[in-house]
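Chain residues, written in single-letter form:
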There are 2 protein chains.
Amino acid sequence: MTLAYGGAIEHLIDSLARLPGIGPKGAQRIAFHILGTTEQDAQDLADAILEVKAKVRFCDVCGNICESSPCPICSDPRRDHTVICVVEEPKDVMSIERTREFRGVYHVLGGAIDPMAGVGPADLSISELLERLRDGAVVEVILALDPNIEGEATTSYLARLLSPLGITVTRLASGLPVGGDLEYADEVTLGRALEGRRRM
Amino acid sequence: MTLAYGGAIEHLIDSLARLPGIGPKGAQRIAFHILGTTEQDAQDLADAILEVKAKVRFCDVCGNICESSPCPICSDPRRDHTVICVVEEPKDVMSIERTREFRGVYHVLGGAIDPMAGVGPADLSISELLERLRDGAVVEVILALDPNIEGEATTSYLARLLSPLGITVTRLASGLPVGGDLEYADEVTLGRALEGRRRM
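Residues numbered from 1 in each chain as written. Chains lettered and ligands numbered in written order. Predicted model: local features only at pLDDT ≥ 70, side-chain atom pairs only at ≥ 80, totals over all residues. Heavy atoms only, no water.

Under an unreviewed UniProt entry, chain A has the name Recombination protein RecR and belongs to Bifidobacterium minimum. Quoted straight from UniProt, the Sequence similarities (unreviewed entry) entry for chain A says "Belongs to the RecR family." Heading Function (unreviewed entry) of the UniProt record for chain A holds this comment: "May play a role in DNA repair. It seems to be involved in an RecBC-independent recombinational process of DNA repair. It may act with RecF and RecO." (UniProt positions renumbered as here; feature names shortened; annotations may be inferred.)

Colleague: Tell me about the domain arrangement of chain A, and please be specific about residues and values.
Modeller: Annotation of chain A at the domain level lists domain 1 (7-55) and domain 2 (78-171). For domain 1 of chain A and domain 2 of chain A, the distance between their C-alpha centres works out to 35 Å. (Domains from an automatic or database assignment.)

Colleague: Explain the pairing of strand β3 (residues 80-87) of chain A residue by residue, including any values.
Modeller: All names here are of chain A. Relative to strand β4 (residues 104-108), β3 runs parallel, the two being bridged by 5 bridges. Bridge pairing in β4 links Val87 to Val108. The parallel pair β3 and β4, bridged by helix α4 (residues 90-99), forms a crossover whose chirality is right-handed. With 4 bridges connecting them, β3 and strand β5 (residues 140-143) associate as parallel partners. Bridged to Cys85 within β5 is Ile142. (Pairing = 2+ DSSP bridges. Helix = DSSP H or I, 4+ residues; strand = E, 2+ residues; numbered from the N terminus. Right-handed = clockwise from strand over helix to strand, strands pointing away.)

Colleague: I'd like to hear about the UniProt feature "zinc finger region: C4-type" (unreviewed entry) in chain A, residue by residue, with values.
Modeller: When the UniProt feature table is mapped onto this chain numbering, "zinc finger region: C4-type" (unreviewed entry) sits at residues 59-74 of chain A. With 0% helix and 12% strand, the stretch residues 59-74 of chain A has end C-alpha atoms that lie 8 Å from each other.

Colleague: Give a description of the interface of chain A and chain B that names residues and reports values.
Modeller: How big an interface is tends to be stated in terms of accessible area lost as the parts join. Each side of the interface is counted separately: chain A has 55 residues, and chain B has 55 residues. Between chain A and chain B, a total of about 5100 Å² is buried, with carbon and sulfur atoms accounting for 71% of that surface. When residues of chain A are sorted by the area they lose upon contact with chain B, Ile49(A), Lys53(A) and Met94(A) head the list and together hold 14% of the total. Applying the counting criterion to the chain A and chain B interface returns 0 salt bridges. Counting the contacts that link chain A with chain B gives 12 residue pairs in polar contact (both at pLDDT 80 or more). (Contact = heavy atoms within 4.5 Å. Buried area = accessible area lost by both parts, 1.4 Å probe. Salt bridge = Lys/Arg side-chain N within 4 Å of Asp/Glu carboxyl O. Polar contact = N/O pair within 3.5 Å; in protein donor to acceptor, adjacent residues only side chain to side chain.)

Colleague: Provide a residue-level description of unusual backbone geometry, including the pertinent values.
Modeller: Most peptide bonds take the trans form, and the phi angle of most residues other than glycine is negative. Residues and elements named next belong to chain A. In this structure, the amide linkage connecting Ser69 to the following residue, Pro70, adopts the cis form with an omega of 0 degrees. Within the secondary structure, Pro70 is located in the loop between β2 (65-66) and β3. Unlike most non-glycine residues, Arg100 shows phi in positive territory, near 55 degrees. Within the secondary structure layout, Arg100 lies in the loop between α4 and β4. Here Arg100 falls in the exposed class, since its relative accessible area comes to 70%. (Buried < 20%, exposed > 50% of the residue type's maximum accessible area, 1.4 Å probe, protein only.)

Colleague: Could you give me a rundown of the UniProt feature "domain: Toprim" (unreviewed entry) in chain A, with the residues and numbers involved?
Modeller: With numbering aligned to this structure, UniProt lists the feature "domain: Toprim" (unreviewed entry) at residues 82-177 of chain A. Note that residues 82-177 of chain A is 33% helix and 20% strand, and that its end C-alpha atoms are spaced 29 Å apart.

Printed below as a string of structure tokens:
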């Protein structure tokens, strides 16, 4: 790379290109955008980055990210604390919240069992989940892990682990995505959709 | 949007989503990436953003961005100051520098003539270009504007403006992109490639 620009803009392009989903061209475009914005906008962005590192922590109850523990969901008395939805990552909480269909609480595992990557059950917050189920107040655990190999393995593991506790354990339905096209559905998804067919 | 996350991460996602080429999903992904990086990496990124705003300015000679004026290219005695390459934006300078084929200097117009967007010749650094040509030291001006309608209009305008000065005015060759496929070339490009054919 030439030094046609000074060090500052090269430094910014390099820093941006390290972020996920941003290539060298995109980093250059963003760097020039920042160069063209007001001082205030640039300051806002820099502040937002540092603020996240300074303020965000994990909820002691559910493991979700939050600014004060317990998180707003765990400390909300209007939510149903007898239903726990188990997800892999904090961003999955946000995805489910967006549906506005779930009024229970969450448990964030921090990943899924993945022997190839060296992630075993002990690396996830499974003991914390069992601890939350100990007092018998929880009546249902919904397993909402990613529908991939690691997610399926973790779902099976948790289902086996929770079955002796006498708690209802459910999982998200597999099937055709809404707005999708039957023709382009893969065999496994279509098989699951058939298996899980519902009476109308 | 739900407030499942605290304000800090929502603020960062919002700030990131305002950057060009980053959608809401990409912003969320980057925000979580930043959350997972070290304090030092986050600080580096924030510093890089502020550094660019604080340090980067425009070269008084060529209009390119730089940290000290004149810019490294304009102040480099090993470069050929008798050939000026005229481009629209600072990023075009970087593109041409990457070819390692050009040893002259640049003139950054700051855009192209675009009546629809209200950009006329007076909004570009054309008078500064004429000023640089006044002492007769420059022998060639290469017009390297974007090959689109605005770039073509600006190229024609500048060629007409410069022709009475007795300076050689050239433009970049139009033709097939290297590695491209004749079948997929558009008619205009293929027409230009034919028109500009070279004896072997």
